Structure formats: structure tokens, C-alpha cells
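# Structural overview for review
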Amino acid sequence: MLAPLIGHRWDLPASEAIALQHQLARQLVLVSSDVDIDLVAGIDVSILGSLAHAAVVVMRYSDLACIEQHTAQRPVAYPYVPGLLTFREAPVVLDALARLTTFPDILLFDGQGFAHPRRLGLASHLGLLLDRPSIGCAKSRLCGTFDEPSPERGSWSPLKDQDEVVGAVVRTRTGVRPVFVSAGHRMSLEQATSVVLGTCRGFRLPEPARHAHRMSTSWVFSQ
DNA sequence: GCGACAG
DNA sequence: ATCTTGTCGC
């Protein structure tokens, strides 16, 4: 149901991976379509030893009811290198997404989208390969500078890198550390921020991402 | 040369 | 991400 239109290997040497990111980033579409949002999928990955575990949870945007959820496992074959996280997590994430029986309107990833040194974080890279609207919602900064947003829920400040706004630092809960939102693909920063705030229910992370995270880690605990 | 650095 | 208990604060 949800598989990449175009594929490429994930075991590229760093120099080739970086060149590919530069090339793919040119194809990003950073505007949203007018289609109503019905289903939002949250995706997260946990790693135990040498085994990666991905979880995807599809929720209805209107009431955040859980529509379906899936998991996938596979050995990790790529090291963690800041800026190349996609090459470590994409294989297992694609396995989990391939199991979906519904077609989510938006993919919400735990990580950066456009707010990346080469403008192609996990959310942008996979949104592009899958040709689906996507959002990056990270718990910490990878690149860019920002002013601390006000402490109230809903406040935000621009995340700038090299004189360009690459994302938004968003306070999803009053008095709690902000999250780093950025457009993935076929998405504007404004709608990305709107969807993140619109799917938060009293916690720092949006519900789809929070549930996917709970699923992937609860598995690790049971091993 | 010295820090910074999604998960 | 993961290793890991209690503890400070609202």
C-alpha cells in the first residue's frame, strides 16, 4: 500500500550518501495541498543491541482514534552519524510502512525534515521516496539557531540556518522543552506546525509520534 | 585545532 | 538511541 516509487541502496559510504542528499533535496516540494487531513501516521524506531524495531501508528486526525498499527524488525547495518540518520533507520521504517492497509494523508516522523544541514532529514527523504506529505518533529536540534520561544503552549520561534528559515521551535506544552518542527515533503512549515500542535493532547509529543514511540520501546522492554 | 552533532 | 533510581518540582 505504501512503498517507495523510487529506490536506492542504503549502504552508501558517507561521501556518496551526502551527495545523494544534496541531489534529492532539490526535488522537495515545500507547499501543502488543500486536501482535508483524515489520517496521520506516526513513525518511530528503537534499537536494542543490533536489532532495530520500527513502529507505525495511524490515527484519525479529527479525534485521534487509532486506526491501525504495525511493527517491523531488522538488524541495524549502518552506524549513527549525525546528518545520516536516514541511512540507519529507513530500511526498517519502510518495512513497517509497507504493512499499512490504509493510506495516511500525512507521515509524522521522529526526527528532522528540512531542518537538516543538507535540507534532507529523515522526514523529507522518506516523504520524497514515498511521494507522501510528511513532517519532521524532533526532540532536539540538529542544525540552526533560534531564540527561546515563550513558555506558553502554542508559542514558537523560527529555526534559522545559513540565513534561511528551516523550521520552527514549538512549545507544545506550557513550561516544557519545545520540539523542533520542520516540513518534510509536500508540506509547508505552517501546516507542519499546525498539525503538530493539533495532534498534541497534553503531552510534549504529538499523539501519533507518542504512540509509535511507546510501541517501539515496549517491544524492546519485552526482549 | 576545537566544539557541535536528529536517533 | 541506550545504560538506569530516586528525586525535585508543580
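Predicted model, so just to flag it, every value in this text is computed and none were measured.

Calculation criteria
- Residues numbered from 1 in each chain as written.
- Chains lettered and ligands numbered in written order.
- Predicted model: local features only at pLDDT ≥ 70, side-chain atom pairs only at ≥ 80, totals over all residues.
- Heavy atoms only, no water.
- 1 Å grid on protein atoms, 1.4 Å probe; cavity = no way out; pocket = protein on both sides within 12 Å on 5 of 7 lines; lining within 4 Å.
- Points joined across faces, edges and corners; volume = space filled by probe spheres on them.
- Nonpolar A, V, L, I, M, F, W, Y, C, P; charged D, E, K, R; others polar.
- Axes fitted to C-alpha atoms, helices over the stretch in contact; angles between N-to-C directions.
- Helix = DSSP H or I, 4+ residues; strand = E, 2+ residues; numbered from the N terminus.
- Parallel < 35°, antiparallel > 145°, perpendicular 65-115°, else oblique.
- Left-handed = near helix turned anticlockwise from the far one by under 90°.
- Contact = heavy atoms within 4.5 Å.
- Near = heavy atom within 4 Å.
- Polar contact = N/O pair within 3.5 Å; in protein donor to acceptor, adjacent residues only side chain to side chain.
- Buried < 20%, exposed > 50% of the residue type's maximum accessible area, 1.4 Å probe, protein only.
- Expected span 1.5 Å × (residues − 1).
- Arc of directions from axis to C-beta.

### Things to note about empty space enclosed by the protein
Inspection of the entire model under this criterion finds 1 cavity of 30 Å³ or more. Around the largest cavity, the lining residues are Asp44, Phe109, Asp110, Cys137, Lys139, Leu205, Ala209 and His213. Classifying every residue of the lining of the largest cavity by side-chain character gives 4 nonpolar, 1 polar and 3 charged.

### A short note on the packing of helix α2 (residues 85-97) against helix α3 (residues 122-130)
Where α2 contacts α3, the two axes come as close as 11 Å, and the packing angle between them is 45°. As the angle between them shows, α2 and α3 are arranged oblique. Considering the relative orientation of α2 and α3, their crossing is right-handed. Where α2 abuts α3, its residues Thr86, Phe87, Glu89, Ala90, Val93, Leu94 and Leu97 lie against Leu122, His125, Leu126 and Leu130. Each residue belonging to the contact of α2 with α3 can be placed in one class, and the counts come to 8 nonpolar, 2 polar and 1 charged.

### Side note on the protein's contact with DNA strand C
Taken together, Ser46, Ile47, Lys139 and His213 make up the full set of residues near DNA strand C. Separating a phosphate oxygen of DNA strand C from a backbone N or O atom of Ile47 is a distance of 3.2 Å. Lys139 has a polar side-chain atom sitting 3.2 Å from a phosphate oxygen of DNA strand C. Its residues placed into classes, the surface near DNA strand C shows 1 nonpolar, 2 polar and 1 charged.

### Digging into the side chain of Thr172
Topologically, Thr172 is positioned in the loop between β7 (164-170) and β8 (179-185). Exposure remark for Thr172: the relative accessible area of 3% places this residue in the buried category. Reaching out from Thr172, the side chain makes a polar contact with the backbone oxygen of Arg204 at a distance of 2.5 Å. Excluding residues within four positions of it along the chain, Thr172 makes contact with Arg153, Val179, Val196, Leu197, Cys200, Phe203 and Arg204.

### Quick look at the environment of Phe87
Considering the arrangement of structural elements, one finds Phe87 in helix α2. Phe87 sits 51 residues away from Ala138 along the chain, and the two C-alpha atoms are 17 Å apart. What Phe87 contacts, discounting residues up to four positions off in sequence, is His8, Arg9, Trp10, Leu12, Ala17, Leu20, Gln21, Tyr78 and His125.

### Quick word on helix α1 (residues 14-25)
At 3.6 residues per turn, the α-helix brings residues three or four places apart onto the same side. Along its 12 residues, α1 runs 16 Å from first to last C-alpha, staying within 8% of the 16 Å computed at 1.5 Å per residue. Residues of α1 that are buried include every one of Ala17, Leu20, Gln21, Leu24 and Ala25, and no others. Viewed end-on, α1 has its buried residues packed into an arc of 125°, placing them on one side of the element. Of the surrounding elements, those touching the buried residues of α1 are α2 and α3.

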